[in-house]
Each structure stands twice: as structure tokens, then as C-alpha cells.
Amino acid sequence: MVVLNRIYTRTGDDGTTALGSGERRPKYDLRIAAYGTVDEANAAIGIVRQHLAEAPELDAMLGLIQNDLFDLGADLAVPQREGRAERLRVVASQVERLERDIDRLNAELQPLNSFVLPGGTPAAAHLHLARTICRRAERIMVELAAKPDEPVGDAAIQYMNRLSDFLFIASRTANHNGAGDVLWVPGQNR
């Protein structure tokens, strides 16, 4: 159970912040950047959900994703260490649910014959923004995982990889099942 009864603590005034383990790190630390960028993706998805009154199924999927992203932030905030009690981790079943949702939404779409430019409906445009933030979070997580003594679970990285795919498919869904997609025309403005 999380209890937040005091929002400011002044402990970060020195340029550090605490991981979930209590260890203090500089605010520019790669692990802090990873879960901060996951939080940014979550906030972008929150904006998307304000534009989905006509798409309750997609809104429900995004609601589950937002909760998963908090799980992912908690996962990243407490590095896995041998001998430490296991904490909340992203698991394969969360990745598998995303894959099922991708397949379900994609079954309704026509195949693409060009790249899609970010745009269309407000929900689709915001989904593209969330997708790019998600990709940035994934890159940071992969960079973090490549460092010695900075473990990142495989399922966490897989989740972010699938999430960017989901957000792309969801953007097409929000663009009237692809009918409103804005397609790239190579060299159009030469």
C-alpha cells in the first residue's frame, strides 16, 4: 500500500532522488531517466484517453496499460539484486496481453502500403506522441540494461517494445480504423 500524505520532502534539493530500495542517486541517473520517461509515456496516454469517448474498448485497453506502466516504474525503481526480497516486476503475461490486443485491433485494419505520418484525429495524433515517448523509454531501458550492475528485466524491455507497437496500431484504430491515416508520400514536396 502506498501512502502519500506529504508531497514535498526537501530530500531532493541536493540533486538526488531515492530509488524504491532507499538508495539515493543523482536525478540525471540513467535509471531515474528510464522510469521518468515511462511516467512521461503514461501521462501522454492519459491525454489520449480524454479523446476516446467514442472508443470505450480502446480506452479500457489504455487504462490497463496505464496501470502496467506504474508497475514498470516500480520495477525500474528497485533494481533486481540477488538476496533482496522480490519486488513488483513486469511479467510475461502483461506482454502477452499486449500482443493479443495488438492482434485484435490489427485484424480490423487494412494493410499499409506507406508509412503513416503522425496526425489524423486528436486521439491518433496523441497516440503517435505517446508511441515516440515509449520508444525513447525503451532506448533508455536498453542502455541501462547494458551497464554492469544495472539489471532490467527482459519482460520490462519486451513490454515497452510491444507497447510502442500497440500505440501505433491504436493510432490507426483511432483514425477510423485506418481510413483517416495520413500517409507519407516520398518526395512529395520536391
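Model, not experiment: these values are computed from the prediction.

A. Layout of the overall build of the protein chain. Helix and strand counts for the protein chain come out as five helices and four strands. Tracing the protein chain from N to C terminus, the helices and strands come up as β-β-α-α-α-β-α-α-β. Structurally, the protein chain occupies a C-alpha span of about 50 × 40 × 30 Å along its principal axes. For the protein chain, the proportion of its 190 residues judged to be buried stands at 43%. Excluding contacts between residues fewer than 6 apart, the proportion of contacts in the protein chain whose partners are at least 24 apart in sequence is 70%.

B. Broad picture of the pattern of salt bridges. In total, this model carries 13 salt bridges according to the counting rule given. Of the charged contacts in the structure, one is a salt bridge between arginine 89 and aspartate 75, with a shortest N-O distance of 3.0 Å. In this pair, arginine 89 sits in the loop between helix H2 (56–77) and helix H3 (92–106) while aspartate 75 sits in helix H2, placing the two residues 14 residues apart along the sequence. Here aspartate 75 falls in the buried class, since its relative accessible area comes to 5%. A salt bridge links arginine 172 to aspartate 181, with the nearest nitrogen and oxygen atoms 2.5 Å apart. The exposure class assigned to arginine 172 is buried, which follows from its relative accessible area of 5%.

Conventions we followed
- Residues numbered from 1 in each chain as written.
- Predicted model: local features only at pLDDT ≥ 70, side-chain atom pairs only at ≥ 80, totals over all residues.
- Heavy atoms only, no water.
- Helix = DSSP H or I, 4+ residues; strand = E, 2+ residues; numbered from the N terminus.
- Buried < 20%, exposed > 50% of the residue type's maximum accessible area, 1.4 Å probe, protein only.
- Contact = heavy atoms within 4.5 Å.
- Salt bridge = Lys/Arg side-chain N within 4 Å of Asp/Glu carboxyl O.

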